[in-house]
2 protein chains.
Amino acid sequence: MHGDRLLLGPGPSIPYPEAMEALSRPVLGHLDPEYLGVIAEIGDRLRAVFRTANALTLPVSGTGSAGMEACLASLLEPGETVIVGINGYFGERICQVAQRGGAQVVRVEAPWGTALDPADLLAAQRANPQAALVAVVAAETSTGVRNDVAPLGPELAKTDTLLLVDAVTALGGTRLEVDAWQIDACYSASQKCLGAPPGLAPVTLGPRAVAKVRGRSTPIHSFYLDLGLLQDFFLSSPPTYHHTASSTLAYSLHAGLGRLLEEGVEEVWDRHARIGALLQSELPELGFSMVADGAARLPQLTATLLPEGMEEGPARKRLLTEYGIEVGGGLGEFAGRAWRIGMMGHAATELSVVTLLGAVRELLKA
Amino acid sequence: MHGDRLLLGPGPSIPYPEAMEALSRPVLGHLDPEYLGVIAEIGDRLRAVFRTANALTLPVSGTGSAGMEACLASLLEPGETVIVGINGYFGERICQVAQRGGAQVVRVEAPWGTALDPADLLAAQRANPQAALVAVVAAETSTGVRNDVAPLGPELAKTDTLLLVDAVTALGGTRLEVDAWQIDACYSASQKCLGAPPGLAPVTLGPRAVAKVRGRSTPIHSFYLDLGLLQDFFLSSPPTYHHTASSTLAYSLHAGLGRLLEEGVEEVWDRHARIGALLQSELPELGFSMVADGAARLPQLTATLLPEGMEEGPARKRLLTEYGIEVGGGLGEFAGRAWRIGMMGHAATELSVVTLLGAVRELLKA
């Protein structure tokens, strides 16, 4: 017995039907020319979604956390400084991953539920001009907050400090412009707004980031997540064998991206904006309130405080067991009193909104 | 257009039909009780295949190389010594991964195509009693050689040196007894003899290895591959969120292991032994010769030197393009003059042997 699920949590979201169908195709070897052709097409499709011309654009064989670690491990040498924007769980995770790799972390913080001020990050860079990297989460999955990363790139481009953006929840959901915003490195994940199952982490590196990876004086601590080796494998001819990458996941991401591009990148952003606004306009009628204020609020991931008297854990469990609907619990200071509701990718529809609100109305009756 | 493939290389192999079918099931969240139940059952099934009672038995979210790095990164602290058995490509990879993590490597070598002498590894441990780890590949995928790891555990159990065994190609193909052989840590991969698609790396740690992971004085350099964090996620109640693990791959591995256990672990070893012997008895009739001698030769992965006059690259390309059959090229000193033929998991059948030999006969006519 396998339960049905309407996945409206912080991810995974329900994949596009095309992405599910692609899973059933015959498995290909990781050096098969047909597989490497798919990787090349995934690169093209990812470039369209990342809005970049970066040659080094590929799917890392792991989840979004693997993409994060691949970028931090590849772009930072031990002892180097990284300035990290922190206003939620995933900013904290960037610190942890960087510190495990031996980097020095300069923290730039804002309260959970509010946005980082880009001016604070730029000021920290001016105070630490030796910093190798500024790292920021564009869409904080823990709080539903959008951080404005657009102003950072043009200023950092004048310095030796690179810009790394976490786009795990952002990519394909809200505007993200890797080239126009002069982002040096960016990672995401297959299972949120891209509409594929989990297991792959799209990564793109611009010329300054590639030069950093190629010009290191120390080896990258991770072999599995070494973006230089991954470039030699996925993007070189002939490929240098690195690991047994999964054609199954690749075909599925390829198909999810195909569906996304058929709709259009800007059209997909518009759909997420419309569905998020609909959800966020209706939730208060049921007694919910928003964690983030309007300007900082993401459409694809809504963190919402529960109505007085509604017990978070039991209500969330009833949603799952009685209706097969998954939402996420709050994190940090919002644990036990908030939900995180994702309307992402294939699940970003009017149907998801009315289904969820209908079920919540039933819960509120009990 | 998606090509059909008879995967007879060093992996991936063709998954069991049950494992392909499982890919189509609805995606579940990584904290869904139903998903965590599947992880628990995968643990039970892996324990049956690893022949262990180890509680810490789980699928790492990556390929076999991720399993290797998870074990080395989690079991070694910077500056510690690891004794590595090296008689092929994957022994060399263990050195690379360990060195990137800051370990000191003591090399114990045998020529490619021959087996390591367990006495050499034990002698190296006596000469380096401070060594934290002895690491050996049970089935060298690069040369088709079986290394006898059974004598190592009982001796190392008397010391403070742990035993790590690479069972990427061994598990489910040839006898491997984690508990009876006193192996402290072992990793494998989903896509070879286990009969599932690539993307997951089964890992098991015994009590000494768990104590090592939990008693470290330095953090593990990798967050993604930290086996302590993975234990807290997959095997603790309530689970501590770590990453968005893929229910799709989990269900598929679950189904592949189910099929394997239905046949029986010893019966699967017997099948691999029978099919490998059949292939290896027929290849010489076509002018092929074996890289490894009889005692050291694996049944599930055969490295074979090509007949005089047969050009390796063009012949392998014709096999793929004209017949849809994938075999692997030789590595290292065998590059350009050998093939690596896998008869693993679902592909370990008489039909695979006659199909391959039939196609090769056609190639030899041309």
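Given the structure is predicted, the values throughout are model-derived calculations rather than measurements.

### Brief notes about the overall build of chain A
Okay, so step 1: From N to C terminus, chain A includes 12 helices and 15 strands.
Okay, so step 2: For chain A, whose C-alpha radius of gyration is 20 Å, the value lies close to the compact-globule estimate of 21 Å for 366 residues.
Okay, so step 3: Across its three principal axes, chain A shows a C-alpha extent of roughly 65 × 55 × 35 Å.
Okay, so step 4: Buried positions account for 59% of the 366 residues belonging to chain A.
Okay, so step 5: Contacts in chain A between residues far apart in sequence, at least 24 positions, make up 71% of those at least 6 positions apart.

### A few points about the relation of the copies chain B and chain A
Okay, so step 1: Placing chain B over chain A gives an RMSD of 0.0 Å and needs a rotation angle of 180 degrees, together with 0.0 Å of translation along the axis. Read as a symmetry element, the transformation amounts to a two-fold axis.
Okay, so step 2: A share of 100% of the interface residues of chain B reappears at the interface of chain A, consistent with the copies meeting face to face through the same patch.

### Quick look at helix α9 (residues 247-263) of chain A
Residues and elements named next belong to chain A.
Okay, so step 1: Taking 1.5 Å per residue as the helical rise, α9 with its 17 residues ought to reach 24 Å, and the 24 Å between its terminal C-alpha atoms agrees with that figure.
Okay, so step 2: Among the 17 residues in α9, 12 count as buried, and that is most of the element.
Okay, so step 3: Residues of α9 that are buried include every one of S247, T248, L249, A250, Y251, S252, L253, H254, A255, G256, L257 and L260, and no others.
Okay, so step 4: Contacts from the buried residues of α9 go to α1 (17-22), α2 (33-50), β2 (56-60) and α10 (265-282).

### What about the interface of chain B and chain A?
Okay, so step 1: With 49 residues of chain B at the interface, the matching set in chain A holds 49 residues.
Okay, so step 2: For the side of chain B that touches chain A, the elements supplying multiple residues, two or more each, are α3 (64-75), α4 (89-100) and α9 (247-263) of chain B.
Okay, so step 3: With 4 residues, the single largest contributor to the side of chain B that touches chain A is α3 of chain B.
Okay, so step 4: Of the residues that constitute the side of chain B that touches chain A, the class distribution is 20 nonpolar, 21 polar and 8 charged.

### Section: the pairing of strand β15 (residues 338-342) of chain B
Residue and element names in this part refer to chain B.
Okay, so step 1: Counting buried residues along β15, 5 of its 5 residues qualify, which places the element largely inside the surrounding structure.
Okay, so step 2: Neither face of β15 is open: one carries A338, R340 and G342, the other W339 and I341, and all of them are buried.
Okay, so step 3: With 5 bridges connecting them, strand β12 (residues 301-305) and β15 associate as antiparallel partners. Looking at the pairing, T304 lines up with W339 of β15.
Okay, so step 4: By the bridge criterion, 2 bridges tie strand β14 (residues 328-329) to β15 in an arrangement that is antiparallel. Residue pairing in the sheet places G329 in a bridge with W339 of β15.

### Observations concerning helix α8 (residues 227-234) of chain B
All names here are of chain B.
Okay, so step 1: Those residues of α8 that fall on the buried side of the exposure criterion are L227, L230, Q231, F233 and F234. Buried positions in α8, seen along its axis, are confined to an arc of 165 degrees and lie on one side of it.
Okay, so step 2: Against α2 (33-50), β2 (56-60), α3, β10 (201-205) and α7 (207-214) lie the buried residues of α8.

### Describing the domain arrangement of chain A
Residue and element names in this part refer to chain A.
Okay, so step 1: According to the domain assignment, chain A contains domain 1 (6-11 + 265-365) and domain 2 (17-261).
Okay, so step 2: Computed over C-alpha atoms, the centres of domain 1 and domain 2 are 27 Å apart.
Okay, so step 3: Counting only elements with at least two residues in the side of domain 1 that touches domain 2, the list comes to α10 and β12 (301-305).

### Overview of the sheet that holds strand β14 (residues 328-329) of chain A
Residue and element names in this part refer to chain A.
Okay, so step 1: Judged by pairing direction, the sheet is antiparallel, and its 4 strands sit side by side in the order β11-β12-β15-β14 without closing on themselves. Both outer strands of the open sheet, β11 (289-290) and β14, are each paired with one neighbouring strand and no more.
Okay, so step 2: Taken together, the 2 bridges between β11 and β12 define a ladder with antiparallel strand orientation. Its bridge partner being in β12, M290 is matched across the sheet by T304.

### Remarks on the confidence of the model for chain A
When pLDDT drops low, the exact placement of atoms in the prediction is not to be read closely.
Okay, so step 1: Within chain A, residue pLDDT values average 97, and 100% of them lie at 70 or more.
Okay, so step 2: Scoring the predicted complex yields pTM 0.97 and, for the interface, ipTM 0.97.

### Some words on the nonpolar core
Okay, so step 1: The biggest cluster of nonpolar side chains holds 248 residues, and the ones touching the most others in it are L75 of chain A together with L75 of chain B.
Okay, so step 2: When sequence neighbours within four positions are dropped, the list of residues in contact with L75 of chain B reads A132, L133, L162, L164, A185, A209, K212 and V213 of chain B.

### Quick notes on the packing of α2 of chain B against α9 of chain B
All names here are of chain B.
Okay, so step 1: α9 packs onto α2 with a crossing angle of 35 degrees between their chain directions and a minimal axis gap of 9 Å. Crossing angle aside, the handedness with which α2 passes α9 is left-handed. Counted together, Y35, V38, I39, E41, I42, R45, L46, A48 and V49 of α2 and S247, A250, Y251, L253, H254, L257, G258, L260 and L261 of α9 form the full contact between these two elements.

Procedures and definitions
Residues numbered from 1 in each chain as written. Chains lettered and ligands numbered in written order. Predicted model: local features only at pLDDT ≥ 70, side-chain atom pairs only at ≥ 80, totals over all residues. Helix = DSSP H or I, 4+ residues; strand = E, 2+ residues; numbered from the N terminus. Rg over C-alpha atoms; globule rule 2.2 N^0.38 Å. Buried ≥ 20, exposed ≤ 12 C-beta atoms within 10 Å, placed from the backbone. Contact = placed C-beta atoms within 7 Å. Least-squares fit on C-alpha atoms with pLDDT ≥ 70 in both. Expected span 1.5 Å × (residues − 1). Nonpolar A, V, L, I, M, F, W, Y, C, P; charged D, E, K, R; others polar. Pairing = 2+ DSSP bridges. Arc of directions from axis to C-beta. Domains from an automatic or database assignment. pLDDT = per-residue confidence, 0-100. Core = buried A, V, L, I, M, F, W, Y, C linked by C-beta atoms within 7 Å. Axes fitted to C-alpha atoms, helices over the stretch in contact; angles between N-to-C directions. Left-handed = near helix turned anticlockwise from the far one by under 90°.

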